[in-house]
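So the chains spell out like this:
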Amino acid sequence: VAAWNRGGTHIRFDWTSSTTLTFANPYPDSVLISGSPCTVKQDIPQLGFVVSHRPLSAACLTQTDTLEWSGINYIVYKVS
């Protein structure tokens, strides 16, 4: 896909229960990573928290907080 990269990229996560991570470039300057936050934690031990607009139930997650951003409620999880 020919796309102009302006040097800035938006990375979004689609948290699933899959232990396989998949990567997509749905439109220019955007990357979508799908998979389990537990798998990301295994690959990147420094990962401490994830945020989601919908409830997550992965074994490695503990809800710690909620926050509102642009009128949408999000749930903050500690990843262990």
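Below you will find a few notes about this structure.

Calculation criteria
- Residues numbered from 1 in each chain as written.
- Predicted model: local features only at pLDDT ≥ 70, side-chain atom pairs only at ≥ 80, totals over all residues.
- Heavy atoms only, no water.
- Pairing = 2+ DSSP bridges.
- Helix = DSSP H or I, 4+ residues; strand = E, 2+ residues; numbered from the N terminus.
- Axes fitted to C-alpha atoms, helices over the stretch in contact; angles between N-to-C directions.
- Buried < 20%, exposed > 50% of the residue type's maximum accessible area, 1.4 Å probe, protein only.
- Contact = heavy atoms within 4.5 Å.
- Salt bridge = Lys/Arg side-chain N within 4 Å of Asp/Glu carboxyl O.

### Re the sheet that holds strand β5 (residues 61-69)
The strands that make up a sheet pair up through hydrogen bonds in the backbone, lying either parallel or antiparallel. Read across the sheet, three strands follow the order β4-β6-β5 without closing on themselves; strand pairing throughout is antiparallel. In the strand order of this sheet, the two ends are held by β4 (49-52) and β5, each with one partner. Within this sheet the neighbouring strands show an average axis-to-axis angle of 25°, counted without direction. Where β4 and strand β6 (residues 72-79) come together, four bridges link them in antiparallel fashion. Counted as the bridge partner of F49 is K78 from β6.

### Comments concerning the side chain of S36
As for its placement among the helices and strands, S36 is situated in the loop between β3 (30-35) and α1 (37-43). Judged by its relative accessible area of 7%, S36 is buried. Once residues lying within four places of it in the same chain are set aside, the contact partners of S36 are W15, T16, S17, S18 and L21.

### Concerning the pattern of salt bridges
Summed over all chains, the structure comprises one salt bridge. Ionic pairing is found between D14 and R54, a salt bridge with its closest N-O pair at 3.5 Å. A residue pair is termed long-range when its members are at least 10 positions apart, and D14 in strand β1 (residues 10-15) and R54 in the loop between β4 and β5 qualify at 40 residues.

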